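Breakdown of the fold
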Amino acid sequence: VCFIPGGLDCSISFVSHVLGKVCVHGWQKEILGVLVPHLTDLTKSDCIWQRICWQLVECVPDRWMEAVVLGFVQRAPGADVLSRLLGNLVVKNKKAQFVVAQKMLLLQYGHTTAVLQNLLGYLALDSGRRPLLLRVLQDLLETWSSSSAVKHSPAEQQLYISKAILICLSHLKEPEIASCRQELLTSMMEGVKCHLESSLPQLRRLGMVVAESISLNINTEGPVLKFEYEEDDETRELKSLLVQTPSFCVVPSLPDDDRSEKASAALPLVPERNEKSYTAAPVKADEESDAELDSDDDLIPYDMSEDKELKLKAPMYIRDCIEVLTGSRSEDVDKWEATVKALESLVRRNPAATREVSVELAKILLHLEEKTCTEGFVELRQRAQVAVLITDPIPVAKYLTSQFYSLNYSLRQRMDILDVLVLAAQELSCPKFHGNTKHSGVQKPCIQLLPESDSSKGWRRIVDERIKSKTRRFDMGQSRVELASCPNEFNSVAGYFFFPLIQHFDRHLTTFDLLGEDHLVLGRLVHTLAVLMYLAVNTVAVTAMGKALLEFVWALRFHTDSYVRQGLLSCISSLLLSVPTERILADMTEELLETQSWLGDVMEKDPDGDCRRLALQNLLLMENLKKKLEAVPF
């Protein structure tokens, strides 16, 4: 019951019931869109209206409290306004506390950054609510540092939790940080470990940014964590959340002219500091001018405009290249660099000489390390490896696939092997352009398996293009360039690329465990198999490859890593697009029925959005396959 001017006592519980029922029945946006602005104006300078507003929300029944609190949080123009409207509701009401401190932060992740700032800023504005802010931060860090949560929750939720953690850190004061410094350090170490183990680049980057921010807050004087990563808009937004925006800078939450006066009074402090720096600059310039008098400016420099850099001649024979690359003399560094740059073209121009030493050259390139700061060294080495593999496919493919499961190789070398196999298979399977026709609008298919950010997008684009090519369009488009007929060179060697890779994936080695901690390489292997399956269309071995790949997918279908699951779903797409329809029905009918049921579960229940999209795409491909069979007359 509130006392209002006029000498009358009035209960507003009926209004609270009406408000709660209207909000829970779907009219939250309409009623609060009008009510919140009015209450914001009325509570600016009138404490009576503040108490009325507090009583209004406190009297809402618990069964309707969530809809009302959520509406206020979403529509309040700032944290200070939300504090005026709700008061200490989260301290007095357990249901409101659950909604604010648990449900909106840990069970939901669709709210905007502004809503998060309103919510956490509201908890930080009153001393009675700050213990709840610390508890919220501990719960968020517990979820962020959980390896199970990182594996099974979508990337969007991980980003949402990371934003909430950074906003909480921006509100903490030094005594509060000191009281939980050890807990913050423990959570940071556990969280950054499980994030860096993720196969998804976005999650790894999130772990780095959050760990840097926690380290910066708990180690104010000592060294802090620093990672190397490419900054993008998402990273810059996360870092900006650590800097609190002063409340008087938020236009909607200005209560009166007092804050603007305080803001204008604070502005002259910056020019004064700048004026001091400007006045000190000329003195320093005068001191430096005396020192310049004793310099060597009077000496005339030599004219070197006509000088030319001496270019070392690259070797002309393959065996000379091997001798240079395996040499250890430091004075041959320039010659070594010239050899690396010229090796690819030399291999392609001399196929007969390359076949004599192909395996030896492939071994040298696989173990080759950079001696100098050669620009594009990794790409040069990879192109040379691809050239050797294309020139002599069978023995080199046997060597590379056997080394993939061998001991004493780094994960980087194993992934290099997969990349080389994919690029060589692509070049062998693609027809060459002939003639003098200008190919302005035609590009050769390109599979990008290398970039760390989106290593699987290239083959997805290829698959999407092929799906589009199977769609009939009744219009006269741009004329296409006719490709000269030529045999698919990948036809006779596809098995040498594919089967050795799929053969020993479950073998545990001392330094290599695909089914354990090396799931990043497993993800790359699965995507590689999907690409090889796609490129093997119309080859003799495509049916056997499809059957083996389907068994491989079935064995790993419940893998916890989302990147691996994306690759498995990609394998299904490649199989459906590459294996002839009649062979699928004759040899894989039962397996495909089980796969269809699994795809339905993935589409409905998988936490990863890309996995759900790929599962839906595969189900559509199966539906098209079914329609195609029904149209065939018996």
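For every chain, the first residue of its written sequence is number 1, and the numbers climb from 1 along that sequence. In keeping with the model being predicted, local features are shown solely for residues with a pLDDT of at least 70 and side-chain atom pairs are shown and tallied solely at 80 or more, while totals for entire chains, interfaces and linings include all residues. Calculated side-chain values reflect all of the structure's heavy atoms, with hydrogen atoms and water omitted.

Definition in use: UniProt positions are given in the numbering used here, feature names are shortened, and annotations may be inferred rather than shown by experiment.
Naming follows an unreviewed UniProt entry, where the protein chain appears as Telomere length regulation protein TEL2 homolog of Emberiza fucata. On record in UniProt, under Sequence similarities (unreviewed entry), the comment for the protein chain is "Belongs to the TEL2 family."

**Here's the deal with the overall build of the protein chain**
Selection criterion: The helix count covers DSSP runs of H or I at least four residues long, the strand count covers runs of E at least two residues long, and both are numbered beginning at the N terminus. For this analysis, residues touch if any pair of their heavy atoms sits within 4.5 Å. Only the protein chains shown count as cover for residues, and the accessible areas themselves come from Shrake-Rupley with a 1.4 Å probe.
The secondary structure content of the protein chain amounts to 31 helices and two strands. For the protein chain, long-range pairs separated by at least 24 residues make up 74% of all intrachain contacts whose partners lie at least 6 apart in sequence. In the form shown here, the protein chain has an accessible surface area of approximately 35,000 Å², with 54% of it arising from carbon and sulfur atoms.

**Focus on helix H8 (residues 130-144)**
How we decide: One fewer than the residue count of a helix, multiplied by 1.5 Å, yields its expected span. Only protein chains enter the accessibility calculation, which uses a 1.4 Å probe. A residue is then buried if its area is under 20% of the maximum for its type, exposed if over 50%, and partly exposed in between.
A rise of 1.5 Å per residue sets the reference length of H8, with its 15 residues, at 21 Å; its end C-alpha atoms lie 21 Å apart and thus fit the reference within 8%. All of the buried residues in H8 are Arg130, Leu132, Leu133, Leu134, Val136, Leu137, Asp139, Leu140, Leu141 and Trp144.

**Details of the nonpolar core**
Here is the rule we go by: Put simply, a nonpolar core is a bunch of buried Ala, Val, Leu, Ile, Met, Phe, Trp, Tyr and Cys residues held in one set by side-chain atoms that sit within 4.5 Å of each other. Each domain's extent was defined by an automatic or database domain assignment.
Among the nonpolar cores identified, the biggest contains 93 residues, and Phe404, Phe490, Phe497 and Leu525 are the most heavily contacted of them. The element best represented in this core is helix H26 (residues 519-535), accounting for eleven residues. Residue-level mapping places this core at the junction of two domains, with at least three residues from each of domain 3 (318-391) and domain 4 (489-631). In this structure Phe490 touches Ala425, Leu428, Ser429, Phe497, Leu532, Leu535 and Ala536, once residues within four positions along its chain are discounted. Core analysis: the next-biggest nonpolar cluster, separate from the first, contains 79 residues, Ile52, Cys53, Leu89 and Tyr160 among them.

**Considerations on the environment of Leu85**
Looking at where Leu85 falls in the secondary structure, it is placed in helix H4 (residues 79-86). Separated by 30 residues in sequence, Leu85 and Gln55 place their C-alpha atoms 9.8 Å apart. Beyond its immediate sequence surroundings of up to four residues, Leu85 is in contact with Val36, Leu39, Thr40, Thr43, Cys53, Trp54, Val57 and Phe72.

**Observations concerning the packing of aromatic side chains**
Note the threshold: Each Phe, Tyr or Trp ring, with Trp reduced to its six-membered ring, pairs with another whose centre is within 6.5 Å; inter-plane angles below 30 degrees give stacked pairs, above 60 give edge-to-face pairs, and intermediate values give tilted ones. Both a distance and an angle decide whether a charge sits over a ring: NZ of Lys or CZ of Arg must be within 6 Å of the ring centre and within 35 degrees of the ring normal.
This model, assessed by the stated rule, comprises seven aromatic pairs. Relative to Phe497, the ring of Phe490 lies with its centre 5.4 Å away and its plane at 80°, an arrangement referred to as edge-to-face. According to the relative accessible area criterion, Phe490 is buried, its value standing at 0%. Of the residues examined, Phe497 reaches a relative accessible area of 0% and is grouped as buried. Arranged with centres 5.3 Å apart and planes meeting at 90°, the rings of Phe498 and Phe499 form a pair that is edge-to-face. Its end group placed over the ring of Trp64, Arg63 keeps NZ or CZ at 4.3 Å from the ring centre. Above the face of the Phe512 ring, Arg414 is positioned so that its terminal group lies 4.0 Å from the ring centre.

**Re the packing of helix H17 (residues 318-326) against helix H18 (residues 333-349)**
Formally: To define axes, lines are fitted to C-alpha atoms, for helices over the stretch in contact only, and angles between the resulting N-to-C directions are given on a 0 to 180 degree scale. In this scheme the crossing of two helices becomes right-handed for a clockwise turn of the near helix relative to the far one and left-handed for an anticlockwise turn of less than a right angle.
Packing of H17 against H18 leaves a shortest axis separation of 10 Å and a crossing angle of 145°. For H17 against H18, the interelement crossing comes out left-handed. Facing Ile318, Cys321, Val324 and Leu325 of H17, the residues of H18 in contact are Lys335, Trp336, Thr339, Val340, Leu343, Leu346 and Val347.

**So, the environment of Ser213**
The line we're drawing: Pairs of N or O atoms are called polar contacts if they sit within 3.5 Å, as long as, within protein, a hydrogen donor faces a hydrogen acceptor (for residues adjacent in sequence, only side-chain-to-side-chain pairs).
Counting through the fold element by element, Ser213 comes out in helix H13 (residues 201-218). Distance in space between the C-alpha atoms of Ser213 and Lys239 is 7.8 Å, their sequence separation being 26 residues. Excluding anything up to four places from it in sequence, Ser213 contacts Leu166, Leu169 and Leu242. Reaching out from Ser213, the side chain makes a polar contact with the backbone oxygen of Val209 at a distance of 2.9 Å.

**What to know about a negative patch on the surface**
Cut-off, in case you're wondering: Each patch is assembled from residues with relative accessible area greater than 30% and no salt bridge, linking like charges that lie within 9 Å and nonpolar side chains (Val, Leu, Ile, Met, Phe, Trp, Tyr) that lie within 5 Å. Salt bridges are defined as contacts in which a side-chain nitrogen from Lys or Arg sits within 4 Å of a carboxyl oxygen from Asp or Glu. Lys and Arg are tallied as positive, Asp and Glu as negative. Neither His nor the chain termini are counted. The atoms used to mark charge sites are NZ of Lys, CZ of Arg, CG of Asp and CD of Glu.
Where like charges cluster on the molecular surface, the negative patch consists of Glu551, Glu590, Glu591 and Glu594. With three residues, the single largest contributor to the negative patch is helix H30 (residues 589-605). Take Glu551: it is sitting in helix H27 (residues 542-556).

**Brief notes about helix H28 (residues 562-578)**
Between its first and last C-alpha, H28 extends 24 Å over 17 residues, near the 24 Å set by a 1.5 Å rise per residue. Along H28, 17 of the 17 residues are buried, which leaves the element largely enclosed by surrounding structure. Among the residues of H28, the N-terminal cap falls to Asp561, whose side-chain oxygen and the backbone nitrogen of Tyr563 are separated by 2.9 Å.

**Remarks on the environment of Leu120**
Among the structural elements, Leu120 can be located in helix H7 (residues 113-124). Relative accessible area serves as the criterion here: at 0%, Leu120 is assigned to the buried category. Ignoring any residue separated from it by four or fewer positions in sequence, one finds Leu120 in contact with Leu105, Leu133, Val136, Ala164, Ile167, Cys168 and His171.

**Some points on the side chain of Asn93**
With respect to the element layout, Asn93 can be found in the loop between helix H5 (89-92) and helix H6 (94-107). If we skip the residues at most four places from it in the chain, Asn93 touches Asp62 and Met65.

**Looking at the pattern of salt bridges**
The full count for this structure, using the stated rule, is 22 salt bridges. Here Asp233 makes a salt bridge to Arg236, at a shortest N to O gap of 2.9 Å. One end of the pair, Asp233, and the other, Arg236, are both in helix H14 (residues 233-240), three residues apart, so they sit about a helical turn from each other. By relative accessible area, Asp233 is classed as exposed at 62%.

**Considerations on the confidence of the model for the protein chain**
For clarity, the cut-off: The predictor reports its confidence for every residue as pLDDT, a score running from 0 up to 100.
A residue-level look at the protein chain finds 78% of positions with pLDDT of 70 or above and a mean pLDDT of 80. Note that pLDDT drops below 50 for residues 247-289; the model gives that stretch 16 contacts with residues more than four away or on any other chain. Contacts from residues 433-456, a stretch scored under 50 in pLDDT, to residues over four places away or in other chains number 45 contacts.

**Examining a nonpolar patch on the surface**
Together, Phe14, Val15 and Val18 make up a nonpolar patch on the protein surface, roughly 290 Å² of accessible area in all. When you line up the elements, Val18 lands in helix H1 (residues 13-42). By relative accessible area, which is 37% here, Val18 ends up partly exposed.

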